[in-house]
Amino acid sequence: MKRVAAIFGTRPEAIKMMPVVAELDRSDQIDCQFIATAQHREMLDQVIGLFERPPNLDLNLMKPGQTLAELSARLLTHLDQALEQLDPDLVLVHGDTTTSAMAGLAAFYRQIPVGHVEAGLRTGDLSAPFPEEFNRILTGRLARWHYAPTTGARDNLVAEGTPLKNILVTGNTVIDALHQVSARLDRYEGFPQPLPAELGGILSDSSRLVLVTGHRRENFGQGFLGICQGLKRLAQSQPQVNIVYPVHLNPRVKEPVHELLGDISNVYLIPPLDYLPFVALMRRSDMVLTDSGGIQEEAPGLGKPVLVMREKTERPEALAAGTVRLVGTDPERIVNEVLQLLEDPRHYAQMSEASNPYGDGLASGRIRQHLESVLIDTE
Ligand code: UD1
Ligand code: UDP
């Protein structure tokens with residue numbers, strides 16, 4: 001058996017890597033060891049609980065209010081020890097987090113080959129998303145195998161000199177996760193739990209529902225102020241519309257959001273939701289306002305218009321398909337874009353036409369097959 005260490009630690013990495021781990025667990029040629037860095041704690045545990053795949057090793061590294069540098073240093077030190085202990089044949093990382101970049105670097109220092117899932121996304125701007133653009137470039141530079149979700153991501157890698165033979169276009173594993181969860185939801189009557197009690201009434205009536213998430217570092221300060229001002233104006237001018245906002249646990253997000261939006265009756269600030277109720281909420285919503293990466297990939301597949309509160313995106317495919325619009329963080333623009341969707345049925349219909357440029361739900365199987373072939377070939 002060849003040993004693969006899958007290293008991840010935040011909510012989105014876990015959602016996108018659990019289907020890959022499940023595939024590798026089914027392999028009779030690969031022994032998959034899941035190392036949780038726990039860069040996130042509660043939000044990682046929510047995903048582990050849903051997919052029922054506990055880590056083989058949990059480094060438990062999150063500290064409240066962690067800085068990028070101190071988290072990076074902790075990750076590098078502890079991952080080096082974990083790699084020494086585990087001695088894997090390959091390290092598999094995902095995306096663009098501090099965990100991915102430091103796991104890639106720790107593996108590189110030990111000359112262990114790296115496979116990079118969700119490789120090749122770029123904005124071309126190191127300040128947005130910050131620091132993720134750099135994390136993804138660094139991880140890609142260190143990686144031997146690149147699992148690009150789209151042909152556009154593959155082309156970005158080729159343009160940087162990555163050999164085509166080292167790239168596999170797989171689709172995004174988030175669609176694998178979304179399919180699994182959607183199939184579970186189809187068997188539910190009503191909403192899956194746990195759900196905050198205050199949402200009960202508004203989910204079962206026919207009111208318009210705007211779902212919001214936000215957490216990007218480049219939006220800290222001015223950006224979040226603009227977002228919250230926009231949401232406040234929207235809520236006050238449209239009292240019949242309900243705004244549901246599961247607030248990220250980062251204190252740099254939680255504090256301003258609660259301070260600016262805490263006492264508006266049609267704005268529901270709730271803790272982060274488990275993935276199952278969150279997908280149910282996306283399905284129930286009329287539109288999603290977000291700066292999240294993963295939600296830009298999921299919502300188009302669910303036929304939900306997405307207004308992305310960022311200046312740039314490394315996910316241009318849904319933008320091109322017309323289901324996603326970049327609206328930035330200016331309050332007036334946010335209000336106008338939401339109102340247009342609420343009031344213009346033709347515009348709404350155009351944006352909500354389900355399109356899914358991110359995959360067919362079979363990405364994890366492709367990654368497993370590729371890993372089996374390259375790990376056996378390098379015998
Ligand atoms: C991280 C990733 C970002 C990803 C996001 C997903 C980096 C640089 N950033 O950003 O790419 O989009 O996760 O959500 O890797 N916290 C908790 N409990 C949790 C999670 C977070 O209390 O379960 C709080 C802690 O105070 C923690 C802080 O949030 O210190 C920040 O977490 P961190 O992972 O450093 O950054 P994110 O903004 O979550
Ligand atoms: N998500 C969730 N619960 C929430 C908010 C988001 O399960 O309360 C899911 C969402 O469906 C997506 C992922 O978390 O799959 C996105 O995570 P996040 O926005 O934190 O990170 P990003 O994708 O921007 O890196």
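Going by the structure above, here's the rest.
Description of the structure in this document. The model shown is predicted, which means the values in this text are computed figures rather than measured ones. (Residues numbered from 1 in each chain as written. Chains lettered and ligands numbered in written order. Predicted model: local features only at pLDDT ≥ 70, side-chain atom pairs only at ≥ 80, totals over all residues. Heavy atoms only, no water.)

Re the nonpolar core
Step number 1: By size, the foremost hydrophobic cluster in this structure holds 60 residues, and its most contacted members are Leu92, Val244, Tyr275 and Leu371.
Step number 2: Excluding anything up to four places from it in sequence, Val244 contacts Leu199, Ile202, Leu209, Val210, Leu211, Val212, Tyr268, Ile270 and Leu281.
Step number 3: Listed in part, the 32 residues of the second largest apolar core include Phe224, Val241, Ile334 and Leu342. (Core = buried A, V, L, I, M, F, W, Y, C linked by side-chain atoms within 4.5 Å. Buried < 20%, exposed > 50% of the residue type's maximum accessible area, 1.4 Å probe, protein only. Contact = heavy atoms within 4.5 Å.)

Overview of the site of ligand 2
Step number 1: Every one of the 16 residues lining ligand 2 counts as a neighbour, but Arg11, Leu273, Gly293, Gly294 and Glu298 are closest to it.
Step number 2: Contact distances for ligand 2 include 2.8 Å between a nitrogen atom and a backbone N or O atom of Leu273.
Step number 3: Side-chain polar atom of Ser292 to an oxygen atom of ligand 2: 2.8 Å apart, as the coordinates give it.
Step number 4: When isolated, ligand 2 has an accessible area of 540 Å², and the protein chains bury 94% of it.
Step number 5: Taken together, the elements giving at least two residues each to the shell around ligand 2 come down to α1 (11-25), α11 (275-284) and α12 (293-301).
Step number 6: A per-element tally of the shell around ligand 2 places α12 first, with four residues.
Step number 7: Looking at the shell around ligand 2, its residues break down into nine nonpolar, four polar and three charged. (Near = heavy atom within 4 Å. Polar contact = N/O pair within 3.5 Å; in protein donor to acceptor, adjacent residues only side chain to side chain. Areas by Shrake-Rupley, 256 points an atom, 1.4 Å probe, with all protein chains shown as cover. Helix = DSSP H or I, 4+ residues; strand = E, 2+ residues; numbered from the N terminus. Nonpolar A, V, L, I, M, F, W, Y, C, P; charged D, E, K, R; others polar.)

Re the packing of helix α3 (residues 68-86) against helix α4 (residues 98-109)
Step number 1: Here α3 crosses α4 at 40°, and the two axes come no closer than 9 Å. In terms of orientation, α3 lies oblique with respect to α4. For α3 against α4, the interelement crossing comes out right-handed. In this structure, α3 contributes Leu68, Leu71, Ser72, Leu75, Leu76, Leu79, Asp80 and Leu83 to the contact, and α4 contributes Thr98, Thr99, Met102, Ala103, Leu105, Ala106 and Ala107.
Step number 2: Its residues assigned to classes, the contact of α3 with α4 comprises 11 nonpolar, three polar and one charged. (Axes fitted to C-alpha atoms, helices over the stretch in contact; angles between N-to-C directions. Parallel < 35°, antiparallel > 145°, perpendicular 65-115°, else oblique. Left-handed = near helix turned anticlockwise from the far one by under 90°.)

Considerations on the pattern of salt bridges
Step number 1: Under the definition given, this model contains 28 salt bridges.
Step number 2: Taking the shortest distance from any N to any O, the salt bridge between Asp125 and Lys312 comes out at 2.7 Å. Taken together, the residues span a long stretch of sequence, with Asp125 in the loop between β5 (114-117) and α5 (132-142) and Lys312 in the loop between β12 (306-308) and α13 (316-321) at a distance of 187 residues.
Step number 3: When its relative accessible area of 17% is taken as the criterion, Asp125 is described as buried. (Salt bridge = Lys/Arg side-chain N within 4 Å of Asp/Glu carboxyl O.)

Quick look at the pairing of strand β8 (residues 209-213)
Both faces of the sheet carry side chains from a regular strand, because those side chains alternate between them.
Step number 1: Of all five residues that make up β8, five are buried, and the element is covered over most of its length.
Step number 2: A two-sided burial pattern is seen for β8, the buried positions comprising Leu209, Leu211 and Thr213 on one face and Val210 and Val212 on the other.
Step number 3: Where β8 and strand β9 (residues 242-246) come together, three bridges link them in parallel fashion. Bridging across to β9, Leu209 finds its partner in Asn242.
Step number 4: The handedness of the β8 to β9 crossover, carried by helix α9 (residues 222-237), is right-handed.
Step number 5: Note: β8 against strand β11 (residues 287-290), four bridges, orientation parallel. Note that in β11 the partner of Val210 across the bridge is Met287. (Pairing = 2+ DSSP bridges. Right-handed = clockwise from strand over helix to strand, strands pointing away.)

What about the layout of surface pockets?
Step number 1: For the second largest pocket, the calculated volume is near 220 Å³.
Step number 2: The wall of the second largest pocket is formed by 15 residues, among which Met18, Pro19, Ala22, Arg26 and Gln180 lie closest to the centre.
Step number 3: Those elements that place two or more of their residues in the lining of the second largest pocket are α1, α2 (42-51) and α7 (173-186).
Step number 4: With six residues, α1 is the single largest residue contributor to the lining of the second largest pocket. (1 Å grid on protein atoms, 1.4 Å probe; cavity = no way out; pocket = protein on both sides within 12 Å on 5 of 7 lines; lining within 4 Å. Points joined across faces, edges and corners; volume = space filled by probe spheres on them.)

A word on the packing of aromatic side chains
Step number 1: Summed over all chains, the structure comprises three aromatic pairs.
Step number 2: Plain terms: the ring middles of Phe108 and Tyr109 are 6.1 Å apart, the flat faces sit at 45° to each other, and that makes the pair tilted.
Step number 3: The exposure class of Phe108 is partly exposed, given its relative accessible area of 45%.
Step number 4: The exposure class assigned to Tyr109 is exposed, which follows from its relative accessible area of 55%. (Phe/Tyr/Trp six-rings, centres within 6.5 Å; stacked < 30°, edge-to-face > 60°.)

What to know about the pairing of strand β1 (residues 2-8)
Step number 1: Taken across its seven residues, β1 has six buried, putting it largely inside the fold.
Step number 2: Bridge analysis of β1 against strand β2 (residues 30-36) gives seven bridges, and the strand direction is parallel. Paired with Phe8 across the two strands is Ala36, which belongs to β2.
Step number 3: Tracing the backbone out of β1, into α1 and back to the parallel element β2 gives a crossover that is right-handed.
Step number 4: The sheet contact formed by β1 and strand β4 (residues 90-94) spans three bridges and is parallel. Paired with Ala5 across the two strands is Val91, which belongs to β4.

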